[in-house]
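Below are the chains, spelled out letter by letter.
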Amino acid sequence: MKYLFLLVALIVANAALADDGMLILQNRCASCHELSGPAAQSVQELWQRKGPDLFYAGSKYNAEWLEKWLVKPRRIRPAGHHPIQHIKPGNKRDMIDTTTLRPHPALSPNDAKKVTKALMKLKATAEMMGTAVFKGGSISVSFGEMVFDKFNGCMACHEIEPGYGGLSGPEVYTAAKRYQADYLVSFITDPQAWNPKTPMPNRHVSAPNIQKIVQYLQALAKENWDEKK
Amino acid sequence: MRKNKLFLTLFVSLLMLSSAAWSDDAEDNYKNYCWQCHGMTGDGMGLNVQDMSVQPRDHTSAKAMGGRSDADLFKVIKEGGLAIDKSVLMPPWRDSLSDDEIHDLVKYLRKLCQCG
């Protein structure tokens, strides 16, 4: 009986945390992040969204990473959320105009806990997730890099270590820390199911190679990049 | 009953309308997708080129683009570099763009290179 009471109290307390978190989200985050969906239906609409959509956050992020990042946010997309809004012509190639990039607002540890609770409740639809899941297993970084770069050209838009790779997409060396493995499989299988106007193409990677790529991303994420930077 | 059916048909067609992806104009599409590699001005010197083993085509060069038919351009945009025995680094865009949008992009490329 006593335990039942404790359990109920815990559930109620958790729900209260999530409610507080939703209030913070609505007051301090909704101006830049979509919290209820759907994804942008036109390129113009996409460019008006100042930050990535969060309405499926609970199916995307690892809660542990999320809570830490919200307290101490660090840039993930080297050229910002819409690179087109943050670049300028250079001598050899288009360059990032760092003066236009702003640091992300940070939360207190207490608020980050509440917001994480609230975000983890926002789930993707079954259509977005699809049926493919991560089956586990591991791969060497060097073989993984062949699949990622040579066979599928993913490195053209993604950095595989700080300062090496493409700049228009998010860094992928920390992707497996940030995102759930099933989300990674699902997004690579069909990026347009998540965001019809995403600048990332569907490269039609074979199902077994998608498993290998996610294994590779997990191997990359094991390195302590924060220390190396 | 009949009324219900009518309502259902209406509802379903509304749903279909709202889920049909919006068709964007060629300039917006070029800026959203192509520009990452082919550059702000289309000269092939995009944000991503530094570590790419094959450089993106200069879309402003009549010399580089003049030899291609509209059908060639359509094919490489829709199916990617590998489909025409070119680099894997040029991605296929068939899941991002409708055939109509790709036709518009071909016309847009013709304006950029002032050729064909």
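Note that this is a predicted model, so its numbers are computed, not measured.

S.K.: For this particular structure, what's the right way to read the overall build of chain A?
M.R.: Scanning chain A from terminus to terminus reveals eleven helices and four strands. Scaling as 2.2 N^0.38, a compact globule of 229 residues should have a C-alpha radius of gyration of about 17 Å, and chain A matches this with 19 Å. By its C-alpha atoms, chain A is 65 × 40 × 40 Å across when sized along the principal axes. By the burial criterion, 49% of the 229 residues in chain A qualify as buried.

S.K.: Whenever I open this one, the nonpolar core confuses me. Can you help?
M.R.: The nonpolar side chains of a soluble globular protein tend to be buried with one another. In terms of nonpolar packing, the biggest core is built from 52 residues, with Leu 119, Phe 148, Ile 213 and Leu 217 of chain A touching the most fellow members. Elements with a contribution of two residues or more to this core: α1 (2-28), α3 (63-71), α4 (109-119), α6 (141-151), α7 (175-178), α8 (181-189) and α10 (207-221) of chain A. With seven residues, the single largest contributor to this core is α10 of chain A. Viewed by domain, this core spans two of them, domain 1 (2-119) and domain 2 (126-228) of chain A, each represented by three or more residues. Beyond its immediate chain neighbours, meaning those up to four positions away, Leu 217 of chain A contacts Phe 148, Val 172, Ala 176 and Leu 184 of chain A. By size, the runner-up hydrophobic cluster in this structure holds 28 residues, among which are Leu 101 of chain A together with Tyr 30, Trp 93 and Ile 102 of chain B.

S.K.: Can you help me understand the domain arrangement of chain A in this one?
M.R.: Interfaces are often sized by the amount of accessible area the parts lose when they come together. All names here are of chain A. Domain annotation of chain A identifies domain 1 (2-119) and domain 2 (126-228). Of note, the centres of domain 1 and domain 2, computed from C-alpha atoms alone, are 20 Å apart. The partner domain 2 presents 20 residues to the 23 residues of domain 1 that form the contact. Both sides of the domain 1 and domain 2 interface together cover about 1900 Å² of buried area, and 58% of this is carbon and sulfur. Run the count over domain 1 and domain 2 and you get one salt bridge. For the salt bridge of Glu 171 with Arg 74, the shortest nitrogen-to-oxygen distance reads 3.1 Å. Taken together, domain 1 and domain 2 are joined by nine residue pairs in polar contact (both at pLDDT 80 or more). Of the residues contributing to the side of domain 1 that touches domain 2, the split by class is 13 nonpolar, five polar and five charged.

S.K.: For this particular structure, what's the right way to read the interface of chain B and chain A?
M.R.: Contacts between the two partners involve 30 residues from chain B and, on the opposite side, 40 residues from chain A. Taking both partners together, chain B and chain A bury about 2900 Å²; carbon and sulfur atoms supply 55% of that area. Interface area lost by chain B to chain A is led by Met 40, Leu 47 and Asp 51 of chain B, which between them contribute 23%. Between chain B and chain A we count one salt bridge in total. Notably, a salt bridge pairs Lys 197 of chain A with Asp 24 of chain B, separated by 2.8 Å at the nearest N-O pair. Sorting elements by how many residues they give to the side of chain B that touches chain A places helix α2 (residues 26-38) of chain B first, with seven residues.

S.K.: Can you walk me through the packing of α8 of chain A against α10 of chain A in this structure?
M.R.: To describe two helices that pack against each other, one gives the angle between their axes and the distance between the axes. Residues and elements named next belong to chain A. Following both chains from N to C, one finds α8 and α10 inclined at 130 degrees, their axes separated by 10 Å at the closest point. Between α8 and α10, the crossing angle belongs to the class labelled oblique. Crossing handedness for the pair α8 and α10: right-handed. Here Ala 181, Leu 184, Val 185, Ile 188 and Thr 189 of α8 lie close against α10, whose contacting residues are Ile 210, Gln 211, Ile 213, Val 214, Leu 217 and Gln 218. For the contact of α8 with α10, the per-class residue count stands at eight nonpolar, three polar and no charged.

S.K.: Even after reading the chapter, I still don't get the packing of aromatic side chains, so can you show me in this structure?
M.R.: Where two aromatic rings form a pair, the distance of their centres and the angle of their planes describe that pair. Residues and elements named next belong to chain A. Enumeration over the complete set of coordinates arrives at twelve aromatic pairs over all chains. Ring centres of Tyr 61 and Trp 65 lie 5.8 Å apart, and the angle between their planes is 15 degrees; on these two criteria the pair is classed as stacked. Its relative accessible area of 7% is what places Tyr 61 among the buried residues. What makes Trp 65 buried here is its relative accessible area of 17%. Members of the aromatic cluster, connected to one another through ring pairs, are Phe 55, Tyr 56, Tyr 61, Trp 65, Trp 69, Tyr 179, Tyr 183, Phe 187 and Trp 194.

S.K.: How should the packing of helix α4 (residues 70-79) of chain B against helix α5 (residues 99-113) of chain B be read in this particular structure?
M.R.: All names here are of chain B. Relative to each other, α4 and α5 sit at 125 degrees, their axes nearing to 9 Å. For the element pair α4 / α5, the angle class is oblique. In terms of crossing hand, the pair formed by α4 and α5 is right-handed. Listed contacts from α5 to Asp 70, Leu 73, Phe 74, Ile 77 and Lys 78 of α4 are Asp 99, Ile 102, His 103, Leu 105, Val 106, Leu 109 and Arg 110.

S.K.: Explanation requested: α4 of chain A in the structure shown.
M.R.: Note on helix geometry: an α-helix contains 3.6 residues per turn, so any two residues three or four positions apart are oriented the same way. Buried residues of α4 of chain A: Asp 111, Ala 112, Lys 114, Val 115, Thr 116, Ala 118 and Leu 119 of chain A, and no others. Check the buried side of α4 of chain A and you find it contacts α1 and α3 of chain A.

S.K.: How should the state of the cysteines be read in this particular structure?
M.R.: Working definition: the covalent bond between the sulfur atoms of two cysteines is a disulfide. Residues and elements named next belong to chain B. Counted by the stated rule, this structure contains one disulfide over all chains. For Cys 113, the disulfide goes to Cys 115, at an S-S distance of 2.1 Å. Here the S-S torsion is close to -85 degrees, and the disulfide linking Cys 113 with Cys 115 is therefore left-handed. Of the two residues, Cys 113 and Cys 115, neither departs from the other in class, the shared state being buried.

Calculation rules
- Residues numbered from 1 in each chain as written.
- Chains lettered and ligands numbered in written order.
- Predicted model: local features only at pLDDT ≥ 70, side-chain atom pairs only at ≥ 80, totals over all residues.
- Heavy atoms only, no water.
- Helix = DSSP H or I, 4+ residues; strand = E, 2+ residues; numbered from the N terminus.
- Rg over C-alpha atoms; globule rule 2.2 N^0.38 Å.
- Buried < 20%, exposed > 50% of the residue type's maximum accessible area, 1.4 Å probe, protein only.
- Core = buried A, V, L, I, M, F, W, Y, C linked by side-chain atoms within 4.5 Å.
- Domains from an automatic or database assignment.
- Contact = heavy atoms within 4.5 Å.
- Buried area = accessible area lost by both parts, 1.4 Å probe.
- Salt bridge = Lys/Arg side-chain N within 4 Å of Asp/Glu carboxyl O.
- Polar contact = N/O pair within 3.5 Å; in protein donor to acceptor, adjacent residues only side chain to side chain.
- Nonpolar A, V, L, I, M, F, W, Y, C, P; charged D, E, K, R; others polar.
- Axes fitted to C-alpha atoms, helices over the stretch in contact; angles between N-to-C directions.
- Parallel < 35°, antiparallel > 145°, perpendicular 65-115°, else oblique.
- Left-handed = near helix turned anticlockwise from the far one by under 90°.
- Phe/Tyr/Trp six-rings, centres within 6.5 Å; stacked < 30°, edge-to-face > 60°.
- Disulfide = S-S within 2.5 Å.

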